[in-house]
Amino acid sequence: ALLATLLFTVACGNSPTGTTTASTQAETTPSGATSTKTPDTTTTPPVTTPATTASVTTSKPAPVATPVKLMTFNLRYDTTSHPCMSLDVRGPHLMEVIKKYDPDSISFCEATNDWMNYLRTEMSKLGYGCVGVGRNAGQTGPNLTGTGNEHSPVFYKADKYELLDSNAFWISANPELKGTTSWDSSMNRICSYAVLKDKETGAMYAHFGTHLDHIGSESRRNAAFVIETYIDEILEKFGDVGIVVSGDFNDSMQSNMYLAFTSYLDDARTLAKEKLVIGSTFNGYSPDEWERNYAGDKKPSVGSSSPIDYIFLGK
């Protein structure tokens, strides 16, 4: 399973700032960030009367920064090729991770119909709502079962956030046409988003979750521009809200995909004050290999190559 986690701060009504990377937690508010740039005082012109001259200064309190935790997690589609790969075995471990990091919102990759049914039940017990549909034809719901129709859903704390808007679209030249593929993509790919408003502070951000194609480099690059179109629509509709784009992007930090996304977004990894893990976010989890090569508590080491899972933030 692939995991990236992020902690950043949001000031009421403004963009979130600060970041972390894969398996990293940090909290930072750059001095020039819009989330904290609030005038200290507002001064009215002097008021003159025949008897006296005075100026009045009123203090305006700075907005309160609210910690927000973000995650992205590639579940790996459920399969019975090995007993340890089944959802029944891995599901409880997943929930341990969710409880440990306690994200405000999280995007998942490879959430099949069976995974979605499990997540809806178990995540709701923790107070999460969700948005997202299956990539095949935009279908979703508990009546659908099986190890296909992968979703890229976003789950969010329903008790903390009001869902202002949501949508799902395809990574294609016709993103509103369900199930479509374009360019060199090997299969249809989807992106989901939720626009969330903190019920207590009023701070807002939009969380996009996606899983880009593992074959088509042109498709991965063009995904940046497809997603940017929807980001622009949200900014036009809701104003200066925080933007988060997370998931499995199936490409390195040296790729055209990465250059395209970072032309208008920041990579949380590069902004983090502290990085708990440096290197790859792909581990190719294989129980058979684990049993052959890793005895006892010994675990495969994380590779030193580039990550392929990212959490991008609006500038």
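These lines cover the structure that appears in this document, whether it is placed above or below. (Residues numbered from 1 in each chain as written. Predicted model: local features only at pLDDT ≥ 70, side-chain atom pairs only at ≥ 80, totals over all residues. Heavy atoms only, no water.)

**Notes on the sheet that holds strand S11 (residues 190–198)**
- With mixed pairing, the six strands of this open sheet are ordered in space as S10-S11-S12-S13-S15-S14. Each edge of the open sheet is held by one strand with a lone partner, namely strand S10 (161–170) and strand S14 (265–267). For this sheet, the mean inter-axis angle between neighbouring strands, taken without regard to orientation, is 20°.
- As paired strands, S11 and strand S12 (residues 204–211) are joined by seven bridges and run antiparallel to one another. In the sheet register, Ala194 faces S12, and the bridge partner there is His207.
- Along the sheet, helix H3 (residues 217–238) contacts S10, S11, S12, strand S13 (242–248) and S14; its crossing angle with S10, the most-contacted strand, is approximately 150°. (Pairing = 2+ DSSP bridges. Helix = DSSP H or I, 4+ residues; strand = E, 2+ residues; numbered from the N terminus. Axes fitted to C-alpha atoms, helices over the stretch in contact; angles between N-to-C directions. Contact = heavy atoms within 4.5 Å.)

**Focus: the side chain of Thr281**
- Looking at where Thr281 falls in the secondary structure, it is placed in the loop between helix H5 (268–271) and helix H6 (287–293).
- Owing to a relative accessible area of 8%, Thr281 belongs among the buried residues under this scheme.
- A polar contact is formed between the side chain of Thr281 and the backbone nitrogen of Ile308, at a distance of 3.1 Å.
- Polar contacts involving the side chain of Thr281 include one to the side chain of Asp309, which spans 2.6 Å. (Buried < 20%, exposed > 50% of the residue type's maximum accessible area, 1.4 Å probe, protein only. Polar contact = N/O pair within 3.5 Å; in protein donor to acceptor, adjacent residues only side chain to side chain.)

**What to know about unusual backbone geometry**
- Of note in the backbone geometry, Trp183 takes a positive phi value of approximately 55° without being a glycine.
- The exposure class assigned to Trp183 is partly exposed, which follows from its relative accessible area of 36%.
- Positive phi outside glycine occurs at Asn250, with the angle close to 55°.
- Tracing the sequence through the fold places Asn250 in the loop between S13 and helix H4 (256–261).

**A short note on the environment of Phe282**
- Among the secondary structure elements, Phe282 is positioned in the loop between H5 and H6.
- For Phe282 and Ser305, which are 23 residues apart along the polypeptide, the C-alpha to C-alpha distance reads 9.2 Å.

**Details of helix H1 (residues 87–101)**
- Taking 1.5 Å per residue, 15 residues should reach 21 Å; H1 reaches 21 Å between its end C-alpha atoms and fits that length.
- Turning to H1, its buried residues number three or more, namely Leu87, Arg90, Gly91, Leu94, Met95, Ile98 and Tyr101. For H1, the angular spread of buried residues about the axis comes to 145°, placing them on one side. Residues Glu96, Lys99 and Lys100 are exposed on H1 and point more than 90 degrees away from its buried face.
- Looking one or two places after H1, you find Asp102, whose phi comes out positive at around 50°. (Expected span 1.5 Å × (residues − 1). Arc of directions from axis to C-beta.)

Note that all results are geometric; they support no functional claim without further evidence.
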